[in-house]
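# Geometric and topological summary
Residue strings, one per chain:
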Amino acid sequence: MIKKLAGSVRQYKLPSILTPLLVLCENILEVMIPLFMASLIDYGIDPGNMSEITRYGSYLVICALLVILFGVLAGRFAAVASAGFAANLRQDIFYRVGTFSFSNIDKFSGASIVTRLTSDIQNMQMAYQVIIRLAVRAPMMMILAFIFSARINLNLALIFIAVTPVLGGGPAFIISRAFKHFKQVIKTYDRLNEDVQENLRGIRGVKSFTREPYEKKKFGDISSDIFRLFSKAEKMVAFNMPLMQICVYSCLLLVSWFGARMIVESGNNADLGLTTGQLMSFMTYTMQILGALMLLSMVFV
């Protein structure tokens, strides 16, 4: 299935390749910023060294501008690639439907085919954009931030490993419970499209036999089913964010507690423990790692 879908990329292979490369460059620069921030505090602000403040401040400005540039380019190429992929996929499906026999059309139903060509293609476009950008960005950011944070202090970095099973297992459980409701929503959308098509084709008959109240009730029942199924699924998915926030704030509290103790015990000496600048950069890496995990879980949901 993936191989067949990948065949619809065709002339949009270049934007599809450039997007992950630009995301990688963006991630590398993002994890460099906390290092420059730590050096700015430890070698510039604390000693009152203006030349070091200017030096590391310039590095920060350059990195920030490059991050914005790479982020904008990655977003543009991702949009072009996903929109092109969706256009090719819609064309391929349309031509494929044109080769169907009458028995195939009766099997799939016209409403189901319309759903495949409209909302399903839109979902595939969003999914493809997420895959080549966000689904690539999250693991890269998580790995790079963990490596840089481990270089600062390996003991503090082990805190992330403790919450990883919760951040991985929680969304997996939520997805497994919500997925069946989303599958039912797709089938109900087919019923909705079929009902609309029947009303459009037989509008004269509906008016002639005064069947408007019945058709309104029928449409309302289908809409209510979609509302009910979506509500159930979204209520389950809504538990994802509180779970992520509990893990994020727990890690921040633990890092702040143990990091502050290390600074006090080491007398702000980096060789013995942790400096103020390193703790600040570590907090940034904490947000980057946990933010990447949250982003990855949201992608799967």
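Figured I'd write up the structure that's included with this text. Just so it is clear, the structure is predicted and the values come from calculations on it, not from any experiment. (Residues numbered from 1 in each chain as written. Predicted model: local features only at pLDDT ≥ 70, side-chain atom pairs only at ≥ 80, totals over all residues. Heavy atoms only, no water.)

### Considerations on unusual backbone geometry
With the exception of glycine, most residues fall at negative phi, and the peptide bonds are largely trans. In this structure, Arg10 is a non-glycine residue whose phi angle is positive, near 45°. Residue position: Arg10 is located in the loop between helix H1 (2-6) and helix H2 (13-45). (Helix = DSSP H or I, 4+ residues; strand = E, 2+ residues; numbered from the N terminus.)

### What to know about the layout of surface pockets
Of the volumes computed, that of the largest pocket is approximately 1,900 Å³. Lining the largest pocket we find 43 residues, and of these Leu5, Asp120, Ile121, Asn123 and Met124 sit closest to its centre. Every element with two or more residues in the lining of the largest pocket is listed here: H1, helix H3 (50-98), helix H5 (110-117), helix H6 (119-152), helix H7 (154-201) and helix H11 (276-300). A total of 10 residues in the lining of the largest pocket trace back to one element, the largest contributor, which is H6. In terms of residue class, the lining of the largest pocket is built from 31 nonpolar, 6 polar and 6 charged. (1 Å grid on protein atoms, 1.4 Å probe; cavity = no way out; pocket = protein on both sides within 12 Å on 5 of 7 lines; lining within 4 Å. Points joined across faces, edges and corners; volume = space filled by probe spheres on them. Nonpolar A, V, L, I, M, F, W, Y, C, P; charged D, E, K, R; others polar.)

### Considering the nonpolar core
By size, the foremost hydrophobic cluster in this structure holds 32 residues, and its most contacted members are Val31, Leu156, Leu167, Leu274, Phe282, Tyr285 and Leu290. Within the residue set of this core, elements represented by two or more residues are H6, H7, helix H10 (240-266) and H11. In terms of residue count, the dominant contributor to this core is H11 (10 residues). Discounting chain neighbours no more than four positions away, the residues touching Tyr285 are Val31, Pro34, Leu35, Ala145, Phe148, Ser149 and Ile152. If you look at the next biggest cluster of nonpolar residues, it comprises 11 residues, including Leu29, Phe36, Leu40 and Phe70. (Core = buried A, V, L, I, M, F, W, Y, C linked by side-chain atoms within 4.5 Å. Buried < 20%, exposed > 50% of the residue type's maximum accessible area, 1.4 Å probe, protein only. Contact = heavy atoms within 4.5 Å.)

### Here's the deal with the environment of Phe182
Inspection of the secondary structure puts Phe182 in helix H7. Sequence separation of Phe182 and Lys107 is 75 residues, and the distance between their C-alpha atoms is 22 Å. Phe182 has contacts with Phe230, Ala233, Glu234 and Val237, leaving out every residue within four places of it along the chain.

### A word on the packing of aromatic side chains
For the coordinates displayed, the defined rule picks out 6 aromatic pairs. Judged by centre distance (5.2 Å) and plane angle (45°), the rings of Phe36 and Tyr59 are tilted. Of the two residues, Phe36 sits in helix H2 while Tyr59 sits in helix H3, which places them 23 residues apart along the sequence. Taking relative accessible area as the criterion, Phe36 reaches 17% and is therefore assigned buried. (Phe/Tyr/Trp six-rings, centres within 6.5 Å; stacked < 30°, edge-to-face > 60°.)

### What about the packing of H7 against helix H9 (residues 212-237)?
Two elements in contact, H7 and H9, have axes separated by 9 Å at closest approach and are oriented at 160°. Classified by the angle between their axes, H7 and H9 sit roughly antiparallel to one another. Crossing of H7 over H9 shows left-handed handedness. Residue classes in the contact of H7 with H9 are distributed as 15 nonpolar, 5 polar and 9 charged. (Axes fitted to C-alpha atoms, helices over the stretch in contact; angles between N-to-C directions. Parallel < 35°, antiparallel > 145°, perpendicular 65-115°, else oblique. Left-handed = near helix turned anticlockwise from the far one by under 90°.)

### Comments concerning a positive patch on the surface
Judged by side-chain charge, Arg177, Lys180, Lys232 and Lys235 come together as a positively charged surface patch. Mapped onto the secondary structure, Lys180 falls in helix H7. (Patch = residues over 30% accessible without salt bridge, like charges linked within 9 Å, V, L, I, M, F, W, Y side chains within 5 Å. Areas by Shrake-Rupley, 256 points an atom, 1.4 Å probe, with all protein chains shown as cover. Salt bridge = Lys/Arg side-chain N within 4 Å of Asp/Glu carboxyl O. Lys, Arg positive; Asp, Glu negative; His and termini not counted. Charge placed at Lys NZ, Arg CZ, Asp CG, Glu CD.)

### Observations concerning the environment of Glu26
Residue position: Glu26 is located in helix H2. Classification of Glu26 by relative accessible area gives buried; the value is 9%. For the pair Glu26 and Ala38, spaced 12 residues apart in the sequence, the C-alpha separation amounts to 19 Å. Sequence-distant contacts of Glu26, that is, excluding residues within four places in its chain, are made with Val67, Phe70, Gly71 and Arg137. In this structure the side chain of Glu26 is engaged in a polar contact, spanning 3.3 Å, whose partner is the side chain of Arg137. (Polar contact = N/O pair within 3.5 Å; in protein donor to acceptor, adjacent residues only side chain to side chain.)

### Observations regarding the packing of H6 against H7
At a minimum axis distance of 6 Å, the contact between H6 and H7 shows a crossing angle of 145°. For the pair formed by H6 and H7, the contact residues are Phe146, Ser149, Ala150 and Ile152 on the first element and Leu154, Ala157, Phe160 and Ile161 on the second. Grouping the amino acids of the contact of H6 with H7 by side-chain chemistry returns 7 nonpolar, 1 polar and no charged.

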